[in-house]
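Chain by chain, the residues run as shown.
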Amino acid sequence: MDTDPDSPVNKPRLGSSFPTGRFSRKKIPKLDDVRSNGWLEAMISSSPPRKRLVKDFNVEIAPEDDFAQRAWMLKYPSAITSFGHIAAQAKDKKIAMFLDYDGTLSPIVDDPDRAIMSDAMRAAVKDVAKYFPTAIISGRSRDKVYELVGLTELYYAGSHGMDIMTPANANGSPEDTNCDQQSEEVNLFQPAKEFIPVIEEVYRSLVELTEGIKGAKVENHKFCASVHYRNVDEKDWPLVAQRVHDHLKQYPRLRLTHGRKVLEVRPVIEWNKGKAVEFLLESLGLSNNDDFLPIFIGDDKTDEDAFKVLRKKKQGFGILVSSVPKESNAFYSLRDPSEVKKFLKTLVKWRKMEDSTSQ
């Protein structure tokens, strides 16, 4: 497979070229489109109300009522308190671990560049990879998420699974999944490779279109682009949505999706984190194996595609990372990255005990 991402594209144009020159700031965009098609509502719903402090007592009170929270926890029980049940499912099976990055291994922060995983979390992930094939599947570019995690023994899938790196000798054995990028051959799978030039074009255009909106940040993830509005004044959210929405009308082979305070521009192809999980399971030799248990831990809407795949297969399960009730295709929940770390450490401890008793 040709893995050179810079090779020329000898295919028809994926979208119209963006006009050259500066963008006019005089024309006031029509906001009816994003309001009527639900984008503004989605942007607001992705920003759950923060906990408030009771004056003079410094006590946190959750905005949702206790009954709703308890009902939600019954539907999506804690993966920590339910670990006994998870261990029973995993007994005598091969576990494959899939992890999101932002909001799962690192906290959600105002500046995406400052979303750094702790050394303790890195150690926990490293320990997991000693016992189970482990992959990071992120919306970030593969190179960026590898830089942030910095562990060679993992599989990496960036751009929501559109850029996958696997060791050439991948066969599902933890000992064989070590990948030294400096010396070991790797396989790259890039189903959206032809879209690289148009994503770059759209990225540059969106940078210019949003440069006058305070707090807006545009990122190029190679196979997709994202527009963050976490630091944008809420009154300007419709302006961000409208400018992105209107610009993408020129690119029929690109689509707009929504994450946690981010708008994402992605190719119109049948590929997502769920497809990436299926691809990696096949690479591991586990796709037609009943004796495996895939686990996917993630916090974002894009992780639901992976949760759906595992639910449909009736093998393995998703774990949603969320401190507020929301519907999901996951089976279990964890409140935040600190609980993710605790779960990973518990999983390793259980595996060590299993190994010791079987000897």
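Cut-offs and rules
- Residues numbered from 1 in each chain as written.
- Predicted model: local features only at pLDDT ≥ 70, side-chain atom pairs only at ≥ 80, totals over all residues.
- Heavy atoms only, no water.
- Phe/Tyr/Trp six-rings, centres within 6.5 Å; stacked < 30°, edge-to-face > 60°.
- Helix = DSSP H or I, 4+ residues; strand = E, 2+ residues; numbered from the N terminus.
- Buried < 20%, exposed > 50% of the residue type's maximum accessible area, 1.4 Å probe, protein only.
- Lys NZ or Arg CZ within 6 Å of the ring centre and 35° of its normal.
- Core = buried A, V, L, I, M, F, W, Y, C linked by side-chain atoms within 4.5 Å.
- Contact = heavy atoms within 4.5 Å.
- Axes fitted to C-alpha atoms, helices over the stretch in contact; angles between N-to-C directions.
- Left-handed = near helix turned anticlockwise from the far one by under 90°.
- Nonpolar A, V, L, I, M, F, W, Y, C, P; charged D, E, K, R; others polar.
- Pairing = 2+ DSSP bridges.
- 1 Å grid on protein atoms, 1.4 Å probe; cavity = no way out; pocket = protein on both sides within 12 Å on 5 of 7 lines; lining within 4 Å.
- Points joined across faces, edges and corners; volume = space filled by probe spheres on them.
- Salt bridge = Lys/Arg side-chain N within 4 Å of Asp/Glu carboxyl O.

Draft legend 1. Inspection of the packing of aromatic side chains at higher detail. As enumerated under the stated definition, the model contains 11 aromatic pairs in all. Note on F83 and W350: the rings are 6.5 Å apart at their centroids and 75 degrees apart in plane angle, and the pair reads as edge-to-face. Placement of F83 in helix 4 (residues 83–90) and of W350 in helix 11 (residues 337–358) is noted, with a sequence separation of 267 residues between them. Pairing Y131 with F132 gives two aromatic rings, centres 6.4 Å apart and planes at 50 degrees, and the pair type is tilted. Y131 sits in the partly exposed class, given a relative accessible area of 22%. The exposure class assigned to F132 is buried, which follows from its relative accessible area of 2%. Here the guanidinium or amino end of R311 rests over the ring plane of F331, the centre of that ring lying 4.1 Å away.

Draft legend 2. Highlighting the nonpolar core. In this structure, F98, L254 and L263 are the most contacted members of the largest nonpolar core, which totals 52 residues. Top contributing element to this core by residue count: helix 7 (residues 196–210), with 6 residues. Setting aside chain neighbours within four positions, we find F98 in contact with A135, I137, V277, L280, L281, P294, I295, F296 and I297. Core analysis: the second largest hydrophobic core is formed by 41 residues, I86, A90, V145 and M165 among them.

Draft legend 3. Broad picture of the packing of helix 7 against helix 8 (residues 237–248). Helix 8 packs onto helix 7 with a crossing angle of 145 degrees between their chain directions and a minimal axis gap of 10 Å. Handedness of the crossing formed by helix 7 with helix 8: right-handed. Contacts between helix 7 and helix 8 involve V202, S205, L206 and L209 from the former and R243, V244, H247 and L248 from the latter. Here the contact of helix 7 with helix 8 is composed, by residue class, of 5 nonpolar, 2 polar and 1 charged.

Draft legend 4. View of the sheet that holds strand 10 (residues 254–259). One open sheet accounts for 4 strands, arranged 8-9-11-10; its pairing is antiparallel. Of all strands in the sheet, those with a lone pairing partner are strand 8 (217–220) and strand 10, marking the two edges. Across this sheet, the average inter-strand angle for adjacent strands is 20 degrees, counted without regard to direction. Relative to strand 11 (residues 262–267), strand 10 is paired through 6 bridges, and the arrangement is antiparallel.

Draft legend 5. Molecular detail of empty space enclosed by the protein. A complete count under the given rule lists 2 cavities of 30 Å³ or more for this structure. A volume near 360 Å³ is recorded for the largest cavity. Lining the largest cavity are 25 residues, with D102, I108, H228, V262 and D300 sitting closest to its centre. Only strand 9 (225–228) and strand 11 provide two or more residues apiece to the lining of the largest cavity. Across the lining of the largest cavity, the residue classes break down as 6 nonpolar, 7 polar and 12 charged. If you list the elements that add at least two residues to the lining of the second largest cavity, you get helix 3 (66–75) and strand 14 (332–334). Residue composition of the lining of the second largest cavity, grouped by class: 3 nonpolar, 3 polar and 2 charged.

Draft legend 6. Main features of the pairing of strand 9. Alternating residues of strand 9 divide into A225 and V227 and S226 and H228, and every residue in both groups is buried. Here strand 8 runs beside strand 9; their pairing, made up of 4 bridges, is antiparallel. In the strand pairing of strand 9, K217 is matched with H228. Counted along the chain from strand 8 to the antiparallel partner strand 9, the turn is 4 residues long, and its residue K222 has a positive phi close to 80 degrees. When strand 9 meets strand 11, the two strands line up antiparallel, connected through 4 bridges. Residue V227 lies in a different strand from strand 11, and its bridge partner there is L263.

Draft legend 7. Highlighting the pattern of salt bridges. By the definition in use, this model includes 18 salt bridges. K75 is the partner of E327 in a salt bridge, and the nearest nitrogen-oxygen pair spans 2.7 Å. Placement of E327 in the loop between strand 13 (317–321) and strand 14 and of K75 in helix 3 is noted, with a sequence separation of 252 residues between them. Among the salt bridges present, the one from R204 reaches E200, with a minimum N-O distance of 2.5 Å. Taken as a pair, R204 and E200 lie in helix 7 at a separation of 4 residues, close to a single helical turn. Judged by relative accessible area, which is 57%, R204 ranks as exposed. Among the residues examined, E200 registers a relative accessible area of 25% and is labelled partly exposed. When salt bridges that share partners are traced, they join D100, K273 and D303 into one network.

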